[in-house]
Amino acid sequence: MKDSARAVIIGGGVVGASVLYHLAKIGWRDVLLLEKSELTSGSTWHAAGGMHTFNGEANISRLQKYTIDLYREIEQLSGQSCGLHPNGGLMLAATSGELDSLKLICSRARYLGMETEMISLGEAQSLNPLIDTSHFIGALWRADGGHCDPSGTTHAYVKAAQRLGARVERFTRVLSLTPRHDASWDVLTDKGTVRAEHVVNCAGLWAREVGHMVGIELPVLAMEHHYLITEDLPELAGREREIVNTTDYAGEIYMRQERRGALIGTYEPHGVVWAPVKTPDDFTMQLLPEDFERLAPYFEVGFQHFPALGRVGIRKAVNGPFTFAPDGNPLVGPVRGVRNYWVACAVMAGFSQGGGIGLVLSRWMAENDPGQDILSMDVARFGAFATPKYTSLKVPENYSRRFRLAYPNEELPAARPVRRSPIYERLIEAGAVMGANFGLENALWFAPAGTTAAETPTYRRSEAFPVVRAECQGVRSGVGIYETSNYGKYEVTGRGARAWLHRVFASRIPKPGRLGLAPMLNPAGRIVGDLSIACLAEDRFLIVGSGFAEEFHLRWFWLSEPPADVFVRSAASTLCGVSLAGPRSRELLQRLTRMDLSAQAFRLFQVAETAVGLTPAILTRAGFTGELGYEIWTTPDYFATLYDELRETGAGLGLIHFGGRALSSLRLEKAYGSFNKDFRPDYTPGETGLDRYIDFSKPDFVGRAAALAERAAGPRRRFVVMEVADADAEVVGYESIMQNGAAVGYVTSGAFGHYVDKSLAAGYVPAALAREGARFEIDVLGEMRSATVRLEPLYDPKGLRLRG
Ligand SMILES: Cc1cc2nc3c(=O)[nH]c(=O)nc-3n(C[C@H](O)[C@H](O)[C@H](O)COP(=O)(O)OP(=O)(O)OC[C@H]3O[C@@H](n4cnc5c(N)ncnc54)[C@H](O)[C@@H]3O)c2cc1C
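Fair warning: this is a prediction, and the values are worked out from it, not measured in the lab.

Caption draft 1: The arrangement of helix α1 (residues 14-25) in detail. Across its 12 residues, α1 extends 16 Å between first and last C-alpha, which sits within 8% of the 16 Å expected from 1.5 Å per residue. Counting buried residues in α1 gives 11 out of 12 residues, a clear majority hidden from the surface. Three or more residues of α1 are buried, namely Val14, Val15, Gly16, Ala17, Ser18, Val19, Leu20, Tyr21, His22, Leu23 and Ala24. Directly beyond the C-terminal end of α1, a positive phi value near 115° is found at glycine 27.

Given below as structure tokens:
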């Protein structure tokens, strides 16, 4: 074995094999895969090999399509068959909610260029004659997908990589990882030490243990999973074409043809965690004992929905473990604080996702940028809150919902509450219906007294609709209070702080006493943050951004290498906040402070350290509703006092609570985009409109060259807000925006604008089409609805209320 490599990949399952191939393909020939046993010997060898393009996240769907399309390429390069059965997929709905979900998938698929359509149950049955259609009300067919041979596919990746110069050492166990001064690694194996510039954790079932080697706790856990293979089915005898792989939402069953029989698997509600504390070292090419007694009721449903399967015997049963992250998406990317250590693990659909993961990770390693938005599978979407216990509660929840629909208004209960602000109980008393953002409970809406603080999961308008409407109107006409503790908060201090911020952010860095909106770009000129910077003193800044991106931004700051005289610290748990918004917010706040809050004395985007009642606070005149408003930040010990005083003082002024739902409505009426939904690392300053906050006169900032090039050439597409013809549902995200029958763009977020009384959609369309009044159509749950571009915000286009 050679004693050095540019990158060592730990693990020879389908994911490690793909990373090896992609690194070799991108030009890193000196790459080495270490596998403690035989290739595929973890969870890969016993997989059912199903592959599909379905994922709630459009970017992951795209990468799944890439993975499936890649198989022909690696077959050709390697001469090794992947055993492809590209027979497409069927999804069956038994309830109106499931049907809505299929329609949403269809709408999204158009812009993604995926051949997908709603078909009749009769058509579904001709594609899979084993279905008893009496259990279903609708079906979706998609061309992409099918199944492959897990072992053949893994070996095809490896052989293709070897052709490009990559090396593989089987039966070589990595025992420990020791960082060297130059940020490279000593990889100690049972066959000697390899010095590697980079290390990639693709250890699948052992990813947690390979995380421990560098002192990190990855939120990953394995679950047992069963599938059965039946004896030959007479119904399939003589059929020339294989039946189409079928997913049955209601039965939580997947099934496909396996030779002349069928393979049927289930994601049961009370799944069993495997190896909760430590994965056994000697578990290799092994299966687990079957537990038919536990699984029988669930397979029984499958035998009702596909009756022919119940009429033949079982030829083989498989129970094997594989890993999940708490939300079911993979964990990919670099880890803050550990140089040159990368992860590609918790991949529960290796044959749909492995290729895409290899693609983005190899770019990230070689070019410092994954090349596209992968926030939904970035390891940084989890923070310290994702403890082993959190993971042990969330992973079984996710497993049990593998084939359940994720309704856009649904909040999942496991491991909650985990992070609570000091006013949590008070908000609950006020009727708050809570969601969790980066582990922190935050109010979505407030059920009026005498009503139930709960909501029916649906794609359509729920019982919360009139309540949110009242909250929005309360803000626009009076004053509302919204807790902002769930925003991401960072303190940047030190003599070098301003100079460092100048380089890291594309915007001007405000003077003391001012706040500025601050986009942050990557070197390719794409948006990695849309934050605000408040300058408290020449060497002291408070930065505020999206709560879900806290770890993502902390990692970005860390990678941006603050010099020794700059200190960057998360204020996630050291600052709590509320926003006061509405025309009466000044009147309320003035009753609690001696500061002069008049329009001339405390203008928009001014910042002060002051006292609000009994509370020492940082006060900014800013907000996200488009109204006159303030954000007040203080430490947790004062926070309840601040809240109580605001409530007491506001009672006489009609102060109301509002939650995240109302905020989404209010911000879209003002055409404000939101990071995560509308602004992500796929978009540029020109496309998002954030270019207006860029200080192009600065000689040097990250992404400057790319931003200048875009300014010269003009953006390709533009972020717009559209009025959508009213019905009983709003857009959710990623629906295709159509013109003359062609998908020209897609939706990024939507809400009903309660004050302007219109259904609103935000999204991207080609720049040439982004004209006032331009007409499009959006397929909302199967109904084509007209959508009209409004280039000016629908509410207060001149910003008079905001500045008032
Ligand atoms: C019953 C079942 C059915 C499934 N069906 C499907 C399906 O239809 N479609 C689909 O896409 N997915 C399916 N999966 C999931 C799929 O198996 C996984 O997504 C995939 O195997 C993950 O691959 P991996 O490379 O991440 O992990 P693994 O396959 O676990 O590979 C990790 C490798 O790392 C090696 N390793 C670990 N530690 C070390 C060390 N210290 N030194 C050296 N080597 C080390 C291990 O030996 C192992 O080979 C199924 C899983 C099961 C259990």
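Caption draft 2: Inspection of the sheet that holds strand β33 (residues 717-724) at higher detail. Taking strand neighbours around the barrel as the criterion, the 6 strands line up as β33-β36-β35-β34-β37-β38 in a closed arrangement whose pairing is antiparallel. Mean inter-strand twist for the sheet, computed between neighbouring axes without regard to direction, equals 45°. Pairing analysis gives 4 bridges linking β33 to strand β38 (residues 783-790), with the strands arranged antiparallel. Counterpart to methionine 722 in the pairing with β38 is valine 789. Sheet strands touched by helix α17 (residues 660-669): β33, β35 (742-753) and β36 (758-766). Its angle to β35, the strand with the most contacts, is close to 120°.

Caption draft 3: Geometry of the packing of aromatic side chains. Within this structure, the stated rule accounts for 31 aromatic pairs. A centroid spacing of 5.2 Å and a plane angle of 80° characterise the contact between tyrosine 267 and phenylalanine 403, whose relative ring orientation is edge-to-face. Here the residue tyrosine 267 occupies a position in the loop between β15 (261-266) and β16 (273-274), and phenylalanine 403 occupies one in the loop between α10 (388-400) and α11 (424-429), the gap between them amounting to 136 residues. A single burial state applies to tyrosine 267 and to phenylalanine 403, both of which are buried. One aromatic cluster is present, formed by Tyr254, Tyr267, Phe322, Phe324, Tyr399 and Phe403 through successive ring pairs. Directly above the aromatic system of tyrosine 755 lies the positively charged group of arginine 476, at a separation of 6.0 Å from the ring centroid. In this arrangement the basic side chain of arginine 711 is found over the ring face of phenylalanine 696, its NZ or CZ atom lying 4.0 Å from the centre.

Caption draft 4: Structural detail: the site of the ligand. Around the ligand sit 37 residues, and of these Glu35, Thr44, Gly50, Val347 and Phe351 come closest. Between an oxygen atom of the ligand and a main-chain N or O atom of glycine 42, the distance comes to 3.5 Å. The contact in question runs from an oxygen atom of the ligand to an N or O atom on the side chain of threonine 44, over 2.5 Å. Protein burial of the ligand: of its 1000 Å² of free accessible surface, 97% is covered by the chains.

Caption draft 5: Spatial organisation of the nonpolar core. Counting 49 residues, the largest nonpolar core has Val492, Leu501, Phe505, Met520, Phe541, Ile543 and Phe675 as the members making the most contacts within it. For this core, the leading source of residues is strand β25 (residues 527-537), giving 5 residues.

Caption draft 6: Representation of the sheet that holds strand β26 (residues 540-545). Here 5 strands make up an open sheet; going across it, the order is β24-β25-β26-β23-β27 and the pairing antiparallel. Pairing within the sheet leaves two strands with one partner each, and these edge strands are β24 (515-521) and β27 (567-570). Averaged over all pairs of adjacent strands, the angle between strand axes in this sheet comes to 25°, irrespective of strand direction. Where helix α14 (residues 550-559) meets the sheet, its contacts fall on β23 (488-493), β24, β25 and β27, and the angle it forms with β25 comes to roughly 75°.

Caption draft 7: A look at the environment of alanine 470. Tracing the sequence through the fold places alanine 470 in helix α12 (residues 464-477). Relative accessible area serves as the criterion here: at 47%, alanine 470 is assigned to the partly exposed category. When the C-alpha atoms of alanine 470 and tyrosine 755 are compared, they prove to be 9.3 Å apart, with 285 residues separating the residues in sequence.

About the thresholds
- Residues numbered from 1 in each chain as written.
- Predicted model: local features only at pLDDT ≥ 70, side-chain atom pairs only at ≥ 80, totals over all residues.
- Heavy atoms only, no water.
- Helix = DSSP H or I, 4+ residues; strand = E, 2+ residues; numbered from the N terminus.
- Expected span 1.5 Å × (residues − 1).
- Buried < 20%, exposed > 50% of the residue type's maximum accessible area, 1.4 Å probe, protein only.
- Pairing = 2+ DSSP bridges.
- Axes fitted to C-alpha atoms, helices over the stretch in contact; angles between N-to-C directions.
- Contact = heavy atoms within 4.5 Å.
- Phe/Tyr/Trp six-rings, centres within 6.5 Å; stacked < 30°, edge-to-face > 60°.
- Lys NZ or Arg CZ within 6 Å of the ring centre and 35° of its normal.
- Near = heavy atom within 4 Å.
- Polar contact = N/O pair within 3.5 Å; in protein donor to acceptor, adjacent residues only side chain to side chain.
- Areas by Shrake-Rupley, 256 points an atom, 1.4 Å probe, with all protein chains shown as cover.
- Core = buried A, V, L, I, M, F, W, Y, C linked by side-chain atoms within 4.5 Å.

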